[in-house]
Amino acid sequence: MKQLYRKLASDVYYVGVDDHHTELFENLWKLPYGVSYNSYLIVDEKIALVETVKGPWADEWLDNIRELVNPAKIDYIILNHMEPDHTGALPDIARIAKNATLIYTPRASDMRKSFYDVDLNEKKVEDLEELSLGKKTLKFVHIPFVHWPETMATWIAEDGILFGCDAFGAFGALNGKHFDDEANMELVERESRRYVSVIITSYFKFVQNAIKKVKDLGLNIKIIAPSHGIIYRKNPNWIVSKYDEWSSPKLDKYCAIVYGTMYGYTHRLAMKLKKELLNLGVEVKIDNVSYSDIGDIITNTVRAGVIVIGAPTYDAFPFPRVWTYVNELQGKRFAPRPVGFFGTFGWGGGALEKLQKMAEEMKWEVLEPIVKVRGRPSKEETEMVKRLAEAIASKLS
Ligand SMILES: Cc1cc2nc3c(=O)[nH]c(=O)nc-3n(C[C@H](O)[C@H](O)[C@H](O)COP(=O)(O)O)c2cc1C
Ligand SMILES: [Fe+2]
Ligand SMILES: [Fe+2]
């Protein structure tokens, strides 16, 4: 029988599972390549499990563990983060590993009690507290808000392994290729960037803090083992530097246009703006909200130096999917940057006024002119598109 686990180092194993079933992560973000729930087993004098998996994958996961040890003998269950994609199978393991102690941060304790009725002892670990398993010693590094308040990472100094939790994770099932020297790294880069953009954008500041903390601790990291996606053993610095880059407050020099249209008037303005920007040598990424996936739109826009939003008025509001995007942008606390607006209307309008109000609330600089057109643009209104393009270009130069 093919082994169900993978070895990271002596007595350290991957025992996680692939999910090819869930269509949308958090019921929001598409998973065209699936996702993995990574779980790790450390078989020392004491046996420690790092993370569980999402509930429906409990049986498959327990089988992986059984190939290595009797799960009843597990001494510690380490929960770096309480989100149910990593803790859903806790009741299943709790029924078997009756003598295990749960290990998590003090902030995780109340959450665990609210989420799960399990009858196990707990040990709340402080930042940088250590726990000996025999030959190996674990150290717990609190990394709050990456991306929940109770989050920590777990470090094995003897092996140089950092279990980073959601930090350094990616979408995409592993399909037997668990390590960075086995995987298609182009796909890993795309799927980890999308993962960071949709899951962690609101907490970029905390990602930067966590990276600084790990660097300041001077850990000699040989392997980064996150809770989703590829394990980095060939080049762990690659994913650290990517996360650093993607969460950096310094934005990229391109313009993202996000627009909606029902009958094409707003679309024509979008195309006109794109053409003017390209003529000025500005790099453009453009998404029509009715065709592009919302997660892709967030990924395409989160690092854009300028965002331009185009919307027809729909029942006195911006076109609904544009409004959804704008709410995401606010909720994800996109870093402030110049924003432009264009749109069309049939009678009273309302879309651009609402968008402008949003920009004021967020204290974003609104670029002039705002291009507001009834139906087809006049010559003067077409000229306004050109001036908006020039204003964008000067912001990105
Ligand atoms: C369902 C629907 C609701 C609309 N609601 C408004 C409205 O409340 N106020 C307004 O000024 N125009 C409204 N309009 C008119 C559109 O904003 C206008 O036709 C616009 O130019 C359409 O742009 P598009 O061709 O990019 O879809 C509405 C149109 C539709 C189809
Ligand atoms: Fe999470
Ligand atoms: Fe997760």
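Everything numeric in this text was worked out from a predicted model, so none of it was measured.

1. Here's the deal with the coordination of the iron ion (ligand 2)
The iron ion (ligand 2) binds to the protein through H81 (NE2), E83 (OE), H147 (NE2) and D166 (OD); the donor distances cover 1.9 to 2.2 Å. Coordination geometry of the iron ion (ligand 2): the four donor atoms subtend angles of 84 to 176° at the metal centre, consistent with an arrangement described as irregular. Counting residues between consecutive donors of the iron ion (ligand 2) along the chain gives the motif H-x1-E-x63-H-x18-D. Distance-wise, the iron ion (ligand 3) is placed 3.3 Å from the iron ion (ligand 2), both being coordinated by D166. Pair noted here: H81 is in the loop between β9 (76-78) and α2 (84-87) and D166 is in the loop between β15 (161-165) and α5 (185-200), with a separation of 85 residues, a long-range link. A single burial state applies to H81 and to D166, both of which are buried.

2. Details of the domain arrangement of the protein
For an interface, size is often stated in terms of accessible area lost upon the parts coming together. Its domain assignment divides the protein into domain 1 (6-246) and domain 2 (252-396). When each unit is reduced to the centre of its C-alpha atoms, the spacing between domain 1 and domain 2 is 39 Å. Listed as interface residues are twelve residues of domain 1 and, on the opposing side, 14 residues of domain 2. Taking both partners together, domain 1 and domain 2 bury about 1100 Å²; carbon and sulfur atoms supply 51% of that area. Summed over the three residues of domain 1 that lose the most area to domain 2, namely W29, R193 and S202, the buried surface amounts to 37% of that side. If you look at where domain 1 meets domain 2, you find one salt bridge. Our enumeration of links across domain 1 and domain 2 arrives at four residue pairs in polar contact (both at pLDDT 80 or more). Of all the secondary-structure elements, those providing two or more residues to the side of domain 1 that touches domain 2 are β5 (29-30), α5 and α7 (236-246). For the side of domain 1 that touches domain 2, the leading source of residues is α5, giving four residues. Of the residues that constitute the side of domain 1 that touches domain 2, the class distribution is five nonpolar, three polar and four charged.

3. Some remarks on the packing of α5 against α7
For the pair α5 and α7, the least separation of the axes is 11 Å and the interaxial angle reads 40°. Viewed along their axes, α5 and α7 adopt a mutual orientation that is oblique. Every pair of crossing elements has a handedness; the one defined by α5 and α7 is right-handed. Where α5 abuts α7, its residues M185, V188, E189, S192, R193, Y195, V196 and I200 lie against W238, I239, K242, Y243 and W246. In terms of residue class, the contact of α5 with α7 is made up of nine nonpolar, one polar and three charged.

4. Quick word on the sheet that holds strand β14 (residues 152-156)
Sheet architecture is open: five strands sit in the order β12-β13-β14-β15-β16, paired in mixed fashion. Across the chains shown, the open sheet's two edge strands, defined by having one partner strand only, are β12 (130-132) and β16 (223-226). Adjacent strand axes in the sheet meet at a mean angle of 20°, parallel and antiparallel pairs treated alike.

5. A closer look at the packing of aromatic side chains
A complete count under the given rule lists 16 aromatic pairs for this structure. Each ring, one from Y5 and one from Y13, has its centre 5.3 Å from the other, and the planes form 85°; the classification is edge-to-face. Neither Y5 nor Y13 differs from the other in exposure class; each is buried. A cation sits over an aromatic face here: R333 above Y203, 5.6 Å from the ring centre.

6. Considerations on the site of ligand 1
In the neighbourhood of ligand 1, 17 residues make up the surrounding shell, with T261, M262, T266, T313 and A316 lying closest. Here an oxygen atom of ligand 1 and a side-chain polar atom of T266 are 2.6 Å apart. Relative to its free-state accessible area of 650 Å², ligand 1 is covered by the protein chains to the extent of 84%. Those elements giving two or more residues to the shell around ligand 1 turn out to be α8 (265-279), β20 (313-314) and β22 (339-345). Partitioning the shell around ligand 1 into residue classes produces eight nonpolar, eight polar and one charged.

7. Focus: helix α9 (residues 294-301)
Those residues of α9 that sit buried are G295, I297, I298, T299 and T301. Next to the buried residues of α9 lie β5, α5, β17 (252-259), β18 (284-288), β19 (304-310) and α10 (320-331). A side-chain oxygen of the first residue of α9 lies 2.9 Å from the backbone nitrogen of G295; this N-cap is D293.

8. Topic: empty space enclosed by the protein
In total, this model carries three cavities of 30 Å³ or more according to the counting rule given. As a volume, the largest cavity reaches approximately 40 Å³. If you go around the largest cavity, the residues you meet are I143, A153, L162, G164, A167, F168, A210, I211 and V214. Tallying contributions element by element places helix α6 (residues 204-216) first for the lining of the largest cavity, with three residues. Grouping the amino acids of the lining of the largest cavity by side-chain chemistry returns eight nonpolar, one polar and no charged.

9. Focus on the coordination of the iron ion (ligand 3)
The iron ion (ligand 3) binds to the protein through D85 (OD), H86 (NE2), D166 (OD) and H228 (NE2); the donor distances cover 2.1 to 2.2 Å. Considering all four donor atoms around the iron ion (ligand 3), the spread of angles at the metal, 84 to 173°, places the coordination shape in the irregular class. Written as a sequence motif, the donor residues of the iron ion (ligand 3) are D-H-x79-D-x61-H.

10. Brief notes about the environment of G260
Examined against the element boundaries, G260 turns out to sit in the loop between β17 and α8. What G260 contacts, discounting residues up to four positions off in sequence, is T266, V289, G310, A311, P312, F319 and V322.

11. Quick look at the pattern of salt bridges
For the structure shown, the criterion picks out 24 salt bridges. One salt bridge connects E189 with K242, and the closest N-O pair in it is separated by 3.3 Å. Placement of the pair is E189 in helix α5 and K242 in helix α7, with a sequence separation of 53 residues. Here the salt bridges share partners, and the residues they tie into one network are R6, D181, E182 and R233.

Reading guide: rules and limits
Residues numbered from 1 in each chain as written. Chains lettered and ligands numbered in written order. Predicted model: local features only at pLDDT ≥ 70, side-chain atom pairs only at ≥ 80, totals over all residues. Heavy atoms only, no water. Donors = N, O, S within 2.8 Å, 3.2 Å for Na, K, Ca; no water. Tetrahedral: all angles 85-135°; square planar, octahedral: opposite > 155°, others 65-115°. Helix = DSSP H or I, 4+ residues; strand = E, 2+ residues; numbered from the N terminus. Buried < 20%, exposed > 50% of the residue type's maximum accessible area, 1.4 Å probe, protein only. Domains from an automatic or database assignment. Contact = heavy atoms within 4.5 Å. Buried area = accessible area lost by both parts, 1.4 Å probe. Salt bridge = Lys/Arg side-chain N within 4 Å of Asp/Glu carboxyl O. Polar contact = N/O pair within 3.5 Å; in protein donor to acceptor, adjacent residues only side chain to side chain. Nonpolar A, V, L, I, M, F, W, Y, C, P; charged D, E, K, R; others polar. Axes fitted to C-alpha atoms, helices over the stretch in contact; angles between N-to-C directions. Parallel < 35°, antiparallel > 145°, perpendicular 65-115°, else oblique. Left-handed = near helix turned anticlockwise from the far one by under 90°. Pairing = 2+ DSSP bridges. Phe/Tyr/Trp six-rings, centres within 6.5 Å; stacked < 30°, edge-to-face > 60°. Lys NZ or Arg CZ within 6 Å of the ring centre and 35° of its normal. Near = heavy atom within 4 Å. Areas by Shrake-Rupley, 256 points an atom, 1.4 Å probe, with all protein chains shown as cover. 1 Å grid on protein atoms, 1.4 Å probe; cavity = no way out; pocket = protein on both sides within 12 Å on 5 of 7 lines; lining within 4 Å. Points joined across faces, edges and corners; volume = space filled by probe spheres on them.

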